[in-house]
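What follows is each chain in one-letter form.
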Amino acid sequence: MVSTLTRSERQAAIGVSVLVAICGLAFAALGRHDVLEIHGFLILAFGLLCAFAVINGYYEPEPTDERLASYYDAPIKAGIALSMAWAVFALFIGVWVASLLAWPNLTFDQAWASFGRLRPVHTTGIIFGFGGNALIATSFHVMQRTSRARMPDQFSAWFVLIGFNLFCLLSVTGYLVGVTQSKEYAEAEWYADIWLVIVWVTYFILYVRTIARRKEPHIYVANWYFLAFILVVAILHIVNNIAVPVSLGHAKSYPVWSGVQDAMVQWWYGHNAVAFFLTAGFLGMLYYYLPVRAQRPIFSYRLSILSFWGITFFYMWAGSHHLHYTALPHWVQTLGMTFSVMLLVPSWASAGNALLTLNGAWHRVRDDATLRFMMVAAVFYGLSTFEGSFMAIRPVNSLSHYTDWTVGHVHAGALGWVALITFGSFYTLVPSLWKRERMYSPALVEVHFWLALAGTLVYIFAMWNSGVIQGLMWRTYTEEGTLAYSFIDSLVAMYPYYIARTLGGLLFFVGAIIGSYNIWMTVRAVPLAADRGSDIPDSSAVAVAGE
Amino acid sequence: MDIDHDTLVFFSKSWGLFYLLAFAICVLAYTFWPSNKKRFNKAKKSILDPEDKPWQ
């Protein structure tokens, strides 16, 4: 890793690491009467570790100019490894929090293991740890390949990747000791937020610099999605996290927004986190890796442009559907509902475009589990966007909101769409990145596929049932006009579904472990001249989808 | 000038609507502009090129 950096980049890396370490020391000193002290020492240790890693390789020979004749792939490889490590960790926590609902004693009487602390560890670990690292890795790959240009330097990419993981680490460890802003998907406190802004702006600049160096005149549509993801997430993150810390020595801060404005800003952020973090970026993956794996161009390039602008402009307005029947003005709720329904058009355009690309190559979908991962991901994308538009309609929302139906919907998107498209992309990317003929074991890809699909289906069917029953029990009245069921009655009715969702999550978790093992073995063990098995795209027939 | 709720609603229902319509027309024109067709066709096929080296 250090050997790929030039001498001046090594100096910059040491400088930045030491600066981070000094900031950590300052936080530890200022926050010595607060939980901030723990994070101060964590940042200090992280900075020193990075500095020592670079110093350790400082006198290795510098890379020659020959490097400029190839793409810079080292940070992509590290990003894939980090992403899979976060997936295994956060899915394990997910199975744990799911078990807590059925068997509450599994907190073992520890404050850090309570549901309220473990749940954000699960969500942050999956969205930012697993999803974020996957997006950073694949975007570095796609931006270089489609621009036909190497990224401008070697240091920025490492700063983005390692800096982002420091943010994830601060978030997750913070929740365990009780540090939280209590904003969904934005729980990390002010110092972690400021650090993420620095990292994210570097990410954006790196992406634009690479695009500016492109040799291919047209910017391929996947880059538009990745750029929208980076730019909009920066805007969302900054606006939602404007807060005033109690003091520089305290982890706690208070947002400048108050009351219903705070709620609106939070859900404008929250829904667009789904839109631009969990959708736009992953659509960038879909529009690159699906055609590459299928060896067929995207069905309609024009449709991909139209859906891009549709998604970008409609999603911005949809957030208020999270606040139906609240103090938010009625017309703002209606606005969010209307845009949510309109969103179905560009969403289905993307899902349909992906499936029509595969039309005529269904035999390959049948034989190749990697392509099947991406095909099923497109189906789940279509299903969950339909479900989302439906649930945003006010009367439907009166039944679904605050129930497990919402949880099921989120997991249809996160497991069925986000995770499956990521695994499909990784199985396409890993052999080509490490110059292997194929994955270590196509059979294990197949096993992973069926475990992931079974886990997702068990999970969402359990939550649909559970959510609808919950919603109905909460709104059933007796003839005397009183509620027919107490909250505890509905909790008892949920019990079998909570066990089922734990089982579904467990299947998905086991699949991710098998996937990590397969990737690990591909990197470590596969001989370069292995037989061309069923796990590679058939490049003999490049078919043109109709337009 | 006093900006109240009705002013904002009027603004979004008139200018907001026209701005979105104008924007949609721009996107549609770009997408279906005849001379862009060749570029789009090239773009969608060029990612399938197996060459894995940056162009110098």
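Given the structure is predicted, the values throughout are model-derived calculations rather than measurements.

Once that is clear, we can look at the overall build of chain A. Of the regular secondary structure elements, chain A holds 17 helices and two strands. Against the globule reference of 24 Å for 547 residues, chain A gives a C-alpha radius of gyration of 24 Å, in line with a compact fold. In terms of its C-alpha atoms, chain A occupies a principal-axis envelope of roughly 85 × 65 × 45 Å. Burial analysis of chain A (547 residues in total) assigns 58% to the buried set. Pairs at least 24 apart in sequence give 82% of the contacts found in chain A among residues at least 6 apart. Summing over all exposed atoms, chain A offers an accessible surface of approximately 21,300 Å²; the carbon and sulfur share of this is 71%. Within chain A, the 29 negative side-chain charges are centred at a point lying 8 Å from the centre of the 30 positive side-chain charges.

A few words now on the interface of chain B and chain A. Quite often, the size of an interface is put as the accessible area lost when its parts meet. Facing 27 residues of chain B, the contacting portion of chain A comprises 36 residues. Both sides together, the interface formed by chain B and chain A hides about 2,900 Å², and carbon and sulfur atoms give 66% of it. Among the residues chain B hides against chain A, the three largest losses belong to Lys44, Ile47 and Trp55 of chain B. Together they make up 24% of the total. One can count four salt bridges joining chain B with chain A. We note a salt bridge from Arg145 of chain A to Asp52 of chain B, for which the minimum N-O separation is 2.9 Å. Put simply, chain B and chain A have seven residue pairs in polar contact (both at pLDDT 80 or more) between them. Of all the secondary structure elements, the ones that give two or more residues to the side of chain B that touches chain A are helix 1 (5–32) and helix 2 (36–46) of chain B. Its residues placed into classes, the side of chain B that touches chain A shows 13 nonpolar, five polar and nine charged.

The next point concerns the domain arrangement of chain A. All names here are of chain A. The domain boundaries assigned to chain A delineate domain 1 (1–62) and domain 2 (72–524). Distance from the C-alpha centre of domain 1 to the C-alpha centre of domain 2: 30 Å. The partner domain 2 presents 21 residues to the 21 residues of domain 1 that form the contact. Across the domain 1/domain 2 interface, buried area totals approximately 1,800 Å², and carbon plus sulfur atoms make up 79% of it. There are zero salt bridges connecting domain 1 and domain 2. Here domain 1 is connected to domain 2 by seven residue pairs in polar contact (both at pLDDT 80 or more). Elements represented by at least two residues in the side of domain 1 that touches domain 2 include exactly helix 1 (7–30) and helix 2 (36–56).

About the criteria used
- Residues numbered from 1 in each chain as written.
- Chains lettered and ligands numbered in written order.
- Predicted model: local features only at pLDDT ≥ 70, side-chain atom pairs only at ≥ 80, totals over all residues.
- Heavy atoms only, no water.
- Helix = DSSP H or I, 4+ residues; strand = E, 2+ residues; numbered from the N terminus.
- Rg over C-alpha atoms; globule rule 2.2 N^0.38 Å.
- Buried < 20%, exposed > 50% of the residue type's maximum accessible area, 1.4 Å probe, protein only.
- Contact = heavy atoms within 4.5 Å.
- Areas by Shrake-Rupley, 256 points an atom, 1.4 Å probe, with all protein chains shown as cover.
- Lys, Arg positive; Asp, Glu negative; His and termini not counted.
- Charge placed at Lys NZ, Arg CZ, Asp CG, Glu CD.
- Buried area = accessible area lost by both parts, 1.4 Å probe.
- Salt bridge = Lys/Arg side-chain N within 4 Å of Asp/Glu carboxyl O.
- Polar contact = N/O pair within 3.5 Å; in protein donor to acceptor, adjacent residues only side chain to side chain.
- Nonpolar A, V, L, I, M, F, W, Y, C, P; charged D, E, K, R; others polar.
- Domains from an automatic or database assignment.

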